[in-house]
Each structure stands twice: as structure tokens, then as C-alpha cells.
Amino acid sequence: MEEWTKEEAEKTYNINTWGEGYFDISNEGDLIVRPNPEAKPISIKEVVQEMHSQGVSLPAVIRFHDILRSQVIKLNTTFRDVVTEAKYQGKYCGVYPVKVNQMREVVEEIVDAGDGFGHGLEAGSKPELLSVLAYNTHPEALTVLNGYKDEDYLRLALLGRQLGRKVVVVIEKFSELPKLLKISEEMQVKPLIGLRGKMSVKSQGRWAKSTGDRAKFGLSISEMIKAVKLMESHGLKDCIKLFHFHIGSQISDIRTFKQAISEGARIYTQLFKMGCSLEYFDAGGGLGIDYDGSRSNSDSSCNYTLVEYVSDIVYGLKQICDLEKVPHPNIVTESGRAITAHHSLVVTNVIDQINVKQPNHDTTKHDNEHHLIKNMREMHSWNMQEDNFQEIYNEAVQLKEQGLSAFNLGVISLEDRAILETLYWQIIEKLQNFCKEIEFVPEFLTNLEDSLAPQYLCNFSVFQSAADHWAIDQLLPVVPLSRLNERPTVNCSLADITCDSDGIIDKFINREGISSTMAIHELDKEQEYLIGMFLTGAYQDVMGDMHNLFGRLHEVHVYGDNDDPQGFYIEEIIKGNTSSTVLSTMQYNPELMAQRLKKKMNKIVSEGKIPPRLGVKLVDFYEDCLTSYTYLRN
Ligand SMILES: *Cc1c(COP(=O)(O)O)cnc(C)c1O
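### Things to note about the side chain of Ser43
Move 1: Along the chain, Ser43 turns up in strand E3 (residues 42-43).
Move 2: Apart from the residues within four sequence positions on either side, Ser43 is in contact with Asp30, Leu31 and Ile32.

Shown next as C-alpha cells:
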């Protein structure tokens, strides 16, 4: 076997590709974060140690705010550079769609990092609009409003205009336009209007339904023409400022963008020629993340770089506008995933191991053994060879199945079944060891290997922290946070602590592609074994649910500091939900619950069944659990 190196570990977990340069492995074998090329590397393990010393237990979300800033700056400077290089006449005016991660600190950080670029915000609902009105204060930054709108929504938008903000109401559905006209007349405020096009380009992957005739949002070509006519009849054609489309999230194939840009540019130039004073071309979101590090057009990846994406928009738009002799519009994009995904990760610890194989029951022979056990013993005693291992396997499987039927019919006892199954698992182990020595391993055995992989039980809930893995098979990079200088010798999947068999992670990225197990280390009882789930900053952070009443996670905000010996400091700790909080959201009253318990306990104590001192202690314990974290205490 070759020597295990840092490079081997990097390849095993594909860190360099999905990590975008932010993640690396230290010589000590720890996973490290480098928020920017000049920053001192931060060991995630050391961040966890510091969290523990401040009383923050696992699981927890760690946010690296420097990464968030760096991504905002990278997006803006890339557009700026390509715009200059292409001699493009318009500007880039990005907006961040808050639905991707609405956490106040995330939005604040993005607004702050984007201040020098006039990076704005996008909202898709009334509550999001309420937050955006309060937080998007830059005078030049756009506020783009998508989603279905009622009168309140439209009124709030115009209120934003009265505050002096550049609020653009994107018309998703024709019926919104007459409503908007009515309210703007009533409030005496001229709106800024965007028209969302229903694009015909076929997008691929999970968000394919975002385009085509049956798309949920957007105006058809004839509705767009009707909208322009309606505005014209009100003398308000100059209010149409923006053309918008959004062809779905995580666009994995660059060709989809290229097609959308040319279709969109054609619509834009035509609308311009119809006399709309358009100024903005909004290409929506969709900028992908290479979750699996394969740089391919598979669902969890993308086959292009940021520079390619930006160049395709800038040059594509320039070419068509020049041909049509229409001034270059300002370019808006609504990247959410690409800005937020890298900045946060979920850290969990392995608390136990679930084994399929159970080879440890005492199999000492006893009198009058059932013939099934006798036969299994015989298989067990055979010397495994190239010409008989398949026979041994087939025979053992059959005997195990027969044993189960015999047990169900009451023919063999619990003890007999335990012996039979133990012998079976011992045979399987022999078989697995034997396979390591032979050159050609038949397929049934490679499948067997997967089906026998143990599961590591981790202190977290898939439903709270990796919703997309459960719902849409989203791949997320999962990597041990230390011991990366040691060869991982176990292949296993991860199970969470919910009582739901869907609560597992069984799709992993490895150097060949995707597999149902990940390479991981043998557990060491003395040491906490930490696992990081990466790229959870987009959607995962905010879409989780409270399945089994596991609530929101503790959260720490980390900033890099080159003067600090460890290169970081924890700027803020946000405590996760307590049991009492999650119970309250389900309409329970935790105080009343404690009172009920106490009342019953008082009765038992007064009957002399439990000493008063113990009674108080038990009630205190119940109350303590109510105010504690919902996850396992460790
Ligand atoms: C969800 C959404 C986005 C965000 O897309 P990403 O792929 O996360 O960048 C942008 N615009 C609209 C209209 C959206 O609905």
C-alpha cells in the first residue's frame, strides 16, 4: 500500500475542486479554512475547541463571514473587469436574493461587503420585502421585487420609492400591473417596473420547470406586448426600466445560460425599440456551485467558471445590442447560492456506530442442535478457496433465510437464531477477508461490501441541517475535520439521530464520482470525532424543519485575524433552540407542562412513595431539560 499523504486526503474528499481555494489540509491533518489568500489559515478543529470552552456544544453551524465578503467582492470585481475589458457601456448592479439565506447577519454582511459596488437586495415575498426595505439603504443599490404580489406588497414597494430607494417591481403575472397602476395613482408615486419574461430555453436538472410554456412565473411574449400597451395608454411607458428572467437555480450547463442570454437580449432590444426606457437587463440567479467537484454538467455540479459565466453575459449582451443598435443596459444578476454556499458549514460529532454484521454471540456447540445450525457450522469450517467461496456464500445465505422461517414457525429458539446468525456473519467476514487476496472480485461481492458498510451515528438531523440532501438528493461535501494525515480505513454512511429512516446521508463525493459510503477513520473512544458538512450556506441554513422537534443549531460567527495566534476570533454566538422553544412553536406551554409534572410529583411525595428531596431533584431535572439544547448532550 502506498503511503498516505495530504494529497491523497485532498483527492479522496475532492477538497480542492469544491473548496474554491477556501479549504485545505494542514500538515497536522486538520481541515483548515483560508478566507482569502493573505489570511492565516484557521483550523476548524480549533474553532470547535474554542466553542466548547465557551459552552457551545455540537452540532453547530460555523459561519466564516470573511468568505461571504470575499464572494461578494469576487462576483462584483469579475463583472467590473469583464465590463472594462469588453468596453461594455453599462454597469454591473448585482442584487442578493434574500430567500437563499435570510439570516440578518448574512444579509448585513453582504450589504456591507457590497457597499462599494452598490450591491442591492432582492425580495420574493412580503416579509422579505419588509426586511429589504429596512436593510438596503445604499442610494444607488437596486431593490428588485419578485414573487406574487398583493396590494400590501405593492404599497410597500411604493413606500420604498417614497423613501428614495430604487425599488423595481417585477411583474410576474399580468394582473399585477393594473393593480400597481391603481395603487401608484392613489399614492401619487411613479413606480419602477420590471417585466419578467417566460423564457423558452430548456433548462436542465432540478429546476427545469422554471422555463417553458408551463413555467409558474413570467409573462408570455403577447402579455409583455399587452403590458407595454397598457403602460402607454396611461402615459407611463417610461416606467418600464428592467427586463428580467430567471431560468432556475444551480444551472449546471453553461449552454443553457448562453441560450437564455440571447433569447433575453432579443426580447430586451425589441422592448427597447417599442419605446420603453429600459435601463436594466436582469439575468436572475442560477450561477452554480460545484458541490461534487466534478466540473461537469451533473445536477450537483457546473461545467463553467465564474469568469466564463460573466463573459457570456457581458459579451453576449453586447453583441446583440450592438447589432440592434440599442444602448448597452446595466446588468443585474441575482446570485444567491454562489455568494452564500461556501461561508457556512455544519459540524457534528460521531456518537456511535451501527453495525450490520453481528458476529459476537457465543456459538459454543450444544447437544441436539437443529440441523440448520449443524449445516451452518459445516460451511463455517470449510477452507475458503477460489473454487468454493461462491458456493459457501450461497449456502450460508440460504441457511440464514431458512433459519428465519424456522424461527417464525417456532421451530428454533431465540438462542438458536442468535447462534445461526453469528455463524453466518463470521462466514461473511471470512469471505470479505478472502476477497482482499483474490484478483477478480465478482460483482455480487462488491455489492455485498456496500450493503455491509457500518453507519456512523452523528449528532444532527438531516431534516434540519441538510434538507436538500433528503428532498432533492443534493450532494454536500462531507469531510472529517481532523486525522486527515491518517489513512481512513472504514467505509460507511452517516445516520442522524431522528427516528426516521430517511435521516441518513448515503451519497458522497469521492475521487471516482459518487458512492454510497465515505472513507472515514476507525473511531477512537478517547477523542471526539468531528465531521464537517460543507457548502450549507445557501438554502440549507434556512430551509430546515423541526422533524422530531430537533430545533435550530447553535451558531458561531468567525472572523479571521492575522494578529491572533490561532488566526481567528469568534465574534458572536447565537444559541440554538431549546426544547422549550420548539415545544412552544407547537403550541405547548412549557411552564404549564412543568407545573403539571410538579403537581403529580407533589401528590406522590405526599403519599410517601418518594422522599421530598428526590421529588424536587426529579422535577428540577425535567425543567433543566426543557431549557436545554434539543440535540444529544455530549
Ligand atoms: C431563487 C431565486 C434566485 C436565486 O437563485 P440562485 O440560483 O440561488 O442564485 C434569484 N432570482 C429569483 C427570481 C429567484 O427566485
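### Section: the site of the ligand
Move 1: Near the ligand there are 16 residues, and of these Lys99, Ser249, Glu334, Gly336 and Tyr539 occur at the shortest range.
Move 2: Tyr539 places a polar side-chain atom, nitrogen or oxygen, 2.6 Å from an oxygen atom of the ligand.
Move 3: Here the ligand loses 92% of its free accessible area of 390 Å² to cover by the protein chains.
Move 4: When the residues that make up the shell around the ligand are grouped by side-chain class, the tally is three nonpolar, eight polar and five charged.

### Here's the deal with the sheet that holds strand E9 (residues 192-196)
Move 1: Ordered in space as E5-E6-E7-E8-E9-E10-E11-E12, the eight strands form an open sheet in which the pairing is parallel. Where the open sheet ends on each side, the last strands, each with one partner, are strand E5 (95-97) and strand E12 (330-332). In this sheet, neighbouring strand axes are inclined to one another by 25° on average, regardless of whether the strands run parallel or antiparallel.
Move 2: As defined by bridge partners, strand E6 (residues 120-123) adjoins strand E7 (residues 142-145) across three bridges and the pair is classed as parallel. Along E7, the bridge assignment pairs Ala123 with Leu145.

### With respect to the packing of helix H4 (residues 65-85) against helix H5 (residues 104-113)
A pair of packed helices is characterised by two quantities: the angle between their axes and the separation of those axes.
Move 1: Put simply, H4 and H5 touch, their axes get as near as 9 Å, and they point 45° apart. Taken together, the axes of H4 and H5 lie oblique to each other. The way H4 lies across H5 gives a crossing that is right-handed. Contacts between H4 and H5 involve His65, Leu68, Arg69, Val72 and Ile73 from the first element and Glu105, Val106, Glu109, Ile110, Asp112 and Ala113 from the second.
Move 2: Counted by class, the contact of H4 with H5 contains six nonpolar, one polar and four charged residues.

### Here we look at unusual backbone geometry
Move 1: Cis geometry marks the peptide bond from Leu58 to Pro59, where omega comes out at 0°.
Move 2: Its place among the elements puts Pro59 in the loop between helix H3 (44-53) and strand E4 (60-64).
Move 3: The phi dihedral of Lys325 falls on the positive side, at around 55°, and the residue is not glycine.
Move 4: Relative to the helices and strands, Lys325 resides in the loop between helix H11 (306-324) and E12.
Move 5: Even without glycine at this site, Leu535 takes up a positive phi of about 60°.
Move 6: Here Leu535 falls in the buried class, since its relative accessible area comes to 1%.

### Describing a negative patch on the surface
Move 1: Where like charges cluster on the molecular surface, the negative patch consists of Glu378, Glu386, Asp387, Glu391, Glu395 and Glu439.
Move 2: Within the secondary structure, Asp387 sits in the loop between helix H13 (371-381) and helix H14 (389-408).

### Describing the pairing of strand E22 (residues 554-560)
Side chains on a regular strand alternate between the two faces of the sheet.
Move 1: E22 sits mainly inside the fold: six of its seven residues count as buried.
Move 2: Here E4 runs beside E22; their pairing, made up of five bridges, is parallel. Within E22, the residue paired with Phe64 across the bridge is Val558.
Move 3: In this structure, E22 lies alongside strand E23 (residues 568-574), joined through six bridges in antiparallel fashion. Looking across to E23, one finds that Glu555 is bridged to Ile574.

### Observations concerning the sheet that holds strand E2 (residues 31-33)
Move 1: Strand order in the open sheet made by the three strands is E1-E2-E3, with antiparallel pairing throughout. What marks the edges here is a single partner per strand, and that holds for strand E1 (23-25) and E3.
Move 2: Where E1 meets E2, three bridges bridge the pair, whose relative direction is antiparallel. Opposite Asp24, over in E2, you have Ile32 as the bridge partner.

### Quick notes on the packing of H4 against H11
Move 1: Here H4 crosses H11 at 45°, and the two axes come no closer than 9 Å. Of the possible angle classes, the one that applies to H4 and H11 is oblique. The way H4 lies across H11 gives a crossing that is right-handed. In this structure, H4 uses Lys74, Leu75, Thr78, Phe79, Val82, Val83 and Glu85 to contact H11, whose residues at the interface are Leu306, Val307, Tyr309, Val310, Ser311, Ile313, Val314 and Tyr315.
Move 2: Of the residues assigned to the contact of H4 with H11, the class counts are 11 nonpolar, two polar and two charged.

### Considerations on empty space enclosed by the protein
Move 1: A complete count under the given rule lists three cavities of 30 Å³ or more for this structure.
Move 2: Surrounding the largest cavity, Val61, Arg63, Val346, Gln464, Ser465, Gln540, Asp541, Arg552, Leu553 and Glu555 form its lining.
Move 3: Those elements that place two or more of their residues in the lining of the largest cavity are E4, helix H17 (462-465) and helix H19 (540-543).
Move 4: Taken together, the residues that form the lining of the largest cavity break down as three nonpolar, three polar and four charged.

### Observations regarding the nonpolar core
Move 1: Ile44, Ile62, Leu195, Leu494 and Phe534 are the most contacted members of the largest nonpolar core, which has 144 residues in total.
Move 2: The dominant element in this core, judged by the number of residues it contributes, is helix H10 (residues 254-273), at eight residues.
Move 3: Core analysis: the second largest hydrophobic core is formed by 26 residues, Met379, Trp425, Leu431 and Leu448 among them.

### Quick look at the domain arrangement of the protein chain
Move 1: Assigned domains within the protein chain: domain 1 (167-335), domain 2 (371-449) and domain 3 (581-626).
Move 2: Summarising the inter-unit geometry, the C-alpha centres of domain 1 and domain 3 are found 58 Å apart.

### Re the side chain of Asp312
Move 1: Relative to the elements of secondary structure, Asp312 occurs in helix H11.
Move 2: Once residues lying within four places of it in the same chain are set aside, the contact partners of Asp312 are Ile254, Lys258, Ile261 and Leu317.

### Considerations on the environment of Tyr588
Move 1: Secondary-structure assignment places Tyr588 in the loop between helix H20 (579-585) and helix H21 (590-606).
Move 2: The contact partners of Tyr588, leaving out residues within four places of it in the chain, are Leu583 and Met593.

### Structural notes on the packing of aromatic side chains
Move 1: One pass over the structure, following the stated rule, counts 19 aromatic pairs.
Move 2: On the basis of an interplanar angle of 25° and a centroid distance of 6.5 Å, the ring pair of Tyr268 and Phe272 is categorised as stacked. Of the two residues, Tyr268 and Phe272 both sit in helix H10, four residues apart, roughly one turn of that helix.
Move 3: Residue class for Tyr268 comes out buried when judged on its relative accessible area of 1%.

### Some words on the pattern of salt bridges
Move 1: All told, the structure shown has 37 salt bridges when counted by the stated rule.
Move 2: Residue Arg69 is joined to Glu109 by a salt bridge in which the shortest nitrogen-to-oxygen separation is 2.4 Å. Of this pair, Arg69 sits in helix H4 while Glu109 sits in helix H5, placing them 40 residues apart in sequence.
Move 3: For Glu109, a relative accessible area of 8% translates into the label buried.
Move 4: Where Glu172 meets Arg196, a salt bridge forms, and the shortest distance between an N and an O atom there is 3.0 Å.

Parameters and conventions
- Residue indices begin from 1 for each chain and proceed along its sequence in written order.
- Local features are withheld for residues below a pLDDT of 70 in this predicted model, meaning they are given only at 70 or higher, and side-chain atom pairs are given and counted only at 80 or more; totals for whole chains, interfaces and linings count all residues.
- As a convention, hydrogens and water are excluded, and side-chain values are obtained from all of the structure's heavy atoms.
- Secondary structure is summarised from DSSP: a helix means a run of H or I of at least four residues, a strand means a run of E of at least two, and numbering begins at the N terminus for each.
- Contacts were defined at the residue level, with two residues in contact if any of their heavy atoms lie within 4.5 Å.
- Whether a residue is near a molecule or strand depends on its heavy atoms: it is near if one of them lies within 4 Å of it.
- Definition of a polar contact: a pair of N or O atoms within 3.5 Å, with one able to donate and the other able to accept a hydrogen when the atoms are protein atoms, and with sequence-neighbouring residues admitted only if both atoms are side-chain atoms.
- Note on areas: these come from Shrake-Rupley sampling with a 1.4 Å probe, and a residue is covered only by the protein chains present in the view.
- All residues other than Ala, Val, Leu, Ile, Met, Phe, Trp, Tyr, Cys, Pro, Asp, Glu, Lys and Arg, Gly among them, are scored as polar; the first ten of these are nonpolar and the last four charged.
- Pairing between two strands requires that DSSP report at least two bridges joining them.
- Where helices are involved, their axes are fitted lines through C-alpha atoms of the stretch in contact, as for all axes, and angles between N-to-C directions lie from 0 to 180°.
- Angle categories are assigned with fixed cut-offs, so that under 35 degrees is roughly parallel, over 145 is roughly antiparallel, 65 to 115 is roughly perpendicular, and the rest are oblique.
- Left-handed describes a crossing whose near helix is turned anticlockwise from the far helix by less than a right angle; the clockwise case is right-handed.
- Each residue's exposure class comes from its accessible area (1.4 Å probe, protein chains only) as a fraction of the maximum for that residue type: buried when under 20%, exposed when over 50%, partly exposed otherwise.
- Like-charged residues are merged into a patch within 9 Å and nonpolar side chains (Val, Leu, Ile, Met, Phe, Trp, Tyr) within 5 Å, provided each residue has over 30% relative accessible area and no salt bridge.
- A pairing counts as a salt bridge when a side-chain nitrogen of Lys or Arg comes within 4 Å of a carboxyl oxygen of Asp or Glu.
- When charges are counted, Lys and Arg are positive and Asp and Glu negative, with His and the chain ends excluded.
- Where a charge lies is defined by one atom per residue type: Lys uses NZ, Arg uses CZ, Asp uses CG and Glu uses CD.
- Buried and open spaces are told apart on a 1 Å grid over the protein atoms alone, a cavity being a set of points where a 1.4 Å probe fits but cannot get out and a pocket being an open set with protein on both sides within 12 Å along at least five of seven lines. Residues with an atom within 4 Å of a point are the lining residues.
- Grid points are joined across faces, edges and corners, and a volume is the space filled by probe spheres set on the points.
- By convention a nonpolar core is built from buried Ala, Val, Leu, Ile, Met, Phe, Trp, Tyr and Cys residues, the set being connected through side-chain atoms within 4.5 Å.
- The domain limits used here are those given by an automatic or database domain assignment.
- In this analysis, rings of Phe, Tyr and Trp, with Trp reduced to its six-membered ring, are considered paired at centre separations within 6.5 Å, and the interplanar angle assigns stacked below 30 degrees, edge-to-face beyond 60, and tilted for intermediate values.

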